[in-house]
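# Structural description and commentary
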Amino acid sequence: MAENAIIYEANIRQYSPEGTFNEFTKDIPQLKELGVKIIWLMPIFPISETKRKATGGADSKFASEMPKEEQAKYLGSYYAVSDFKAINPEFGNIEDFRNLVKTAHENGIYVILDWVPNHTGWDHVWIKEHPEFYTKNEKGEITHPKDTDWTDVADLDYSNTGLRKTMVEDMKHWLKKRRS
């Protein structure tokens, strides 16, 4: 089924002026009419504020270096996740998300979450509670992914079995506790 399915990737924040689960959910019946069988949601998790990138180019600044009122203008990367088990409050709450999934299922559409297990944001709880989950430089400092300019994320070290187990548990959280 999946090899022939029409997949619709949804960026909730950019989907509508409101940028919410509820606004997206209203259009699920129309997506069904278009033949969509799978909705692929870009990351829906809270976004790290620490080392958040704000602008590109040579004069790039981090949102975290700006005044608080200025920081609010910048979302940061969806892939700088601060908590794999929570919802980005800008999109709505868990009930709004559950309604989206319920509506999709009522329309014969599957929902998948974009999950990026390569790294986390710098204010993810694991940074403090499990620094052993991260790649470190020769000074013992947590690093961003090697050979990238992804300085807004901290690289995870999958040679650590505790990390692998914890990541699987966070994924299971969505299957067991968040879907209904």
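Above this text you will find the structure in question.
Anyway, here's the lowdown on the structure attached to this text.

## Here we look at the overall build of the chain
- Within the chain, the secondary structure is distributed over seven helices and five strands.
- Reading the secondary structure of the chain in the N-to-C direction produces β-α-α-α-β-α-α-β-β-α-β-α.
- Taking all 180 residues of the chain together, the buried fraction comes to 41%.
- Looking at the chain alone, contacts between residues at least 24 apart form 67% of all its contacts between residues at least 6 apart.
- Counting every atom, the chain has about 10400 Å² of accessible surface; 52% of that belongs to carbon and sulfur.

## Re the nonpolar core
- Counting residues in hydrophobic clusters, the biggest one holds 36 residues, and the most contacted among them are Ile39, Ile44 and Phe97.
- Elements with a contribution of two residues or more to this core: helix H2 (21-25), helix H3 (28-33), strand E2 (36-41), helix H5 (94-106), helix H6 (125-129) and helix H7 (161-176).
- Residue contributions to this core peak at five residues, all from H5.
- If sequence neighbours within four positions are ignored, isoleucine 44 has contacts with Phe21, Ala86, Ile87, Asn88, Phe91, Phe97, Leu113 and Trp174.

Rules of the game
Residues numbered from 1 in each chain as written. Predicted model: local features only at pLDDT ≥ 70, side-chain atom pairs only at ≥ 80, totals over all residues. Heavy atoms only, no water. Helix = DSSP H or I, 4+ residues; strand = E, 2+ residues; numbered from the N terminus. Buried < 20%, exposed > 50% of the residue type's maximum accessible area, 1.4 Å probe, protein only. Contact = heavy atoms within 4.5 Å. Areas by Shrake-Rupley, 256 points an atom, 1.4 Å probe, with all protein chains shown as cover. Core = buried A, V, L, I, M, F, W, Y, C linked by side-chain atoms within 4.5 Å.

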